[in-house]
Amino acid sequence: MPSKLLEDLPGVGPATAEKLKAAGFNSIEAIAVASPGELVAAAEVGEATAAKIIAGAREAADIGGFETGDQILERRKLVGKLTTGSKGFNELMGGGLETQSIVELYGEFGSGKTQVAHQLAINVQLPREMGGLDGSAIIIDTENTFRPERIAQMIKGLPLAPEGRTWDPDEFLKNISVARAYNSNHQILLAESAIDLAEKARGSERPVKLLIVDSVTAHFRAEYVGRGTLADRQQKLNKHLHDLMRFADINNALILVTNQVMAKPDTFFGDPTKPVGGHVLGHTATFRLYLRKSKGEKRIARLVDSPNLPDGETVFSVTTEGLKD
Ligand code: GTP
Ligand code: MG
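Here is what the cut-offs are and how they apply
- Residues numbered from 1 in each chain as written.
- Chains lettered and ligands numbered in written order.
- Predicted model: local features only at pLDDT ≥ 70, side-chain atom pairs only at ≥ 80, totals over all residues.
- Heavy atoms only, no water.
- Buried < 20%, exposed > 50% of the residue type's maximum accessible area, 1.4 Å probe, protein only.
- Helix = DSSP H or I, 4+ residues; strand = E, 2+ residues; numbered from the N terminus.
- Arc of directions from axis to C-beta.
- Contact = heavy atoms within 4.5 Å.
- Core = buried A, V, L, I, M, F, W, Y, C linked by side-chain atoms within 4.5 Å.
- Axes fitted to C-alpha atoms, helices over the stretch in contact; angles between N-to-C directions.
- Parallel < 35°, antiparallel > 145°, perpendicular 65-115°, else oblique.
- Left-handed = near helix turned anticlockwise from the far one by under 90°.
- Nonpolar A, V, L, I, M, F, W, Y, C, P; charged D, E, K, R; others polar.
- Domains from an automatic or database assignment.
- Buried area = accessible area lost by both parts, 1.4 Å probe.
- Salt bridge = Lys/Arg side-chain N within 4 Å of Asp/Glu carboxyl O.
- Polar contact = N/O pair within 3.5 Å; in protein donor to acceptor, adjacent residues only side chain to side chain.
- Near = heavy atom within 4 Å.
- Areas by Shrake-Rupley, 256 points an atom, 1.4 Å probe, with all protein chains shown as cover.

### A few points about helix α8 (residues 148-155)
1) Next: Among all positions of α8, only R150, I151, M154 and I155 are buried. Relative to the axis of α8, the buried residues are bounded by an arc of 140 degrees and lie together on one face.
2) Next: Along its buried surface, α8 packs onto α7 (113-123), α9 (169-174), β5 (176-180), β12 (312-319) and β13 (322-324).

### Points about the nonpolar core
The tendency in soluble globular proteins is for nonpolar side chains to be buried side by side.
1) Next: In this structure, L210, L256, L289 and F316 are the most contacted members of the largest nonpolar core, which totals 38 residues.
2) Next: The element contributing the most residues to this core is α7, with five residues.
3) Next: Setting aside chain neighbours within four positions, we find F316 in contact with S86, F89, V116, L291, E297, K298, R299, I300, A301, L323, K324 and D325.
4) Next: Counting residues in hydrophobic clusters, the runner-up holds 29 residues, among them L211, Y224, A253 and A285.

### Some details on the packing of helix α3 (residues 36-43) against helix α4 (residues 47-61)
1) Next: Here α3 crosses α4 at 110 degrees, and the two axes come no closer than 8 Å. Of the possible angle classes, the one that applies to α3 and α4 is roughly perpendicular. Two packed elements cross with a definite hand, and for α3 against α4 that hand is right-handed. Two secondary-structure elements touch here, α3 through P36, L39 and V40 and α4 through E47, A50, I53 and I54.
2) Next: The class makeup of the residues in the contact of α3 with α4 is six nonpolar, no polar and one charged.

### Things to note about the domain arrangement of the chain
Reports often express the size of an interface as the amount of accessible area lost when the parts come together.
1) Next: When the domains of the chain are assigned, the result is domain 1 (6-61) and domain 2 (76-324).
2) Next: Taking the mean C-alpha position of each, domain 1 and domain 2 sit 30 Å from one another.
3) Next: Contacts between domain 1 and domain 2 engage 10 residues on the former and eight residues on the latter.
4) Next: Contact between domain 1 and domain 2 buries roughly 730 Å² in total, counting both sides, with carbon and sulfur atoms accounting for 49%.
5) Next: Taken together, the links from domain 1 to domain 2 amount to zero salt bridges.
6) Next: Counting the contacts that link domain 1 with domain 2 gives two residue pairs in polar contact (both at pLDDT 80 or more).

### Side note on the packing of α7 against α8
1) Next: As a packed pair, α7 and α8 sit with axes 10 Å apart at the nearest point and diverge in direction by 65 degrees. In this structure, α7 meets α8 at a crossing whose hand is right-handed. Here α7 contributes Q115, H118, Q119 and I122 to the contact with α8, which in turn contributes R150, I151, M154 and I155.
2) Next: Residue composition of the contact of α7 with α8, grouped by class: four nonpolar, three polar and one charged.

### Describing the site of ligand 1
1) Next: The local shell around ligand 1 holds 16 residues, among which G110, K113, T114, Q115 and R299 are the closest.
2) Next: A distance of 3.3 Å separates an oxygen atom of ligand 1 from a polar atom in the side chain of R150.
3) Next: For ligand 1, whose unbound accessible area comes to 660 Å², protein coverage reaches 68%.
4) Next: Among the elements of the structure, α7, α8 and β12 are those that each provide at least two residues to the shell around ligand 1.
5) Next: With three residues, α7 is the largest single contributor of residues to the shell around ligand 1.
6) Next: Tallied by class, residues from the shell around ligand 1 come to two nonpolar, eight polar and six charged.

### Things to note about the pattern of salt bridges
1) Next: Per the stated rule, a full pass over the model turns up 14 salt bridges.
2) Next: The residue K19 makes a salt bridge to E44 at a minimum N-O spacing of 3.2 Å. Within this pair, whereas K19 is found in helix α1 (residues 14-22), its partner E44 is found in the loop between α3 and α4, the two being separated by 25 residues in sequence.
3) Next: With relative accessibility at 34%, the residue K19 sits in the partly exposed group.
4) Next: A relative accessible area of 61% places E44 in the exposed class.
5) Next: A salt bridge links K77 to E74, with the shortest nitrogen-to-oxygen separation between them at 3.1 Å.
6) Next: In this structure K77 comes out as exposed when scored by relative accessible area, which is 57%.
7) Next: Residue classification places E74 among the partly exposed residues on the basis of a relative accessible area of 46%.

Structure follows, in structure tokens:
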């Protein structure tokens, strides 16, 4: 679908279009779901102009305004479900991880967050009849823990390829774009360029259906130390998460973010940990999953927050050949 150019929008001249693009607003869709404040900052235009641009983009992109319940149901029908490789895990998530959502995985070091991320970057490429999304993946790697060798190992654990196909590790690796983020500002910029990258792939046979940020909070946590900087941190994190949500909406994609836990000193009973990121992350993530280590390869995933699924737990395994029951 050849979309209109930014320059075609009311209030957008060539200079404004350039500024918008430079700030990551590369498509009509991206602008349609932006807030006036974001455009004011990105394009140095006034509030009124920003509102006009957004209204124009909404009209052109057919996004926005109220939707009736049946229209929402129609859009929900496009929601894809991505297999984790574990039946129990899929069932916990209502059949798989949903597109148009942000899934947050939080847990201690070694709980398996990065392992799940690797597995999903593979599974998203599988055909739909195998629980995949015929898509490709983008990974924003903030901790330098992406390992192509691990992808190759996990591919050995995939179910048999459909007739006439074989699983080629090189093919899988070609469909995973990885960028290292060196600090939180860089991470924010990478999320913006991910929108670009996905835009280019949208009409292709391998649209981007998965965006991983592993870890979404580590840089923020390391850089903003002390109470005085908390508001600033939360504001930046909030912007970042909204970019991610926008990515999910525009591309009908799944966003997977990982998060650490911190000790909660005021807990004497139960589990003395809680996720980093505070309310900002808690409110933006669509699904929150808490991962815990169990015996050996076993891991426990607990669904703690979901708009439409009951809370619950499941046990799965992280094996050399990937995620299993
Ligand atoms: P942090 O990023 O440090 O917070 O941890 P994480 O939650 O991302 O942990 P990660 O996903 O990296 O899990 C590491 C664990 O996965 C290891 O301790 C192993 O238990 C398991 N693991 C990693 N590679 C393999 C493998 O090749 N075979 C098996 N059986 N287990 C593996
Ligand atoms: Mg990790």
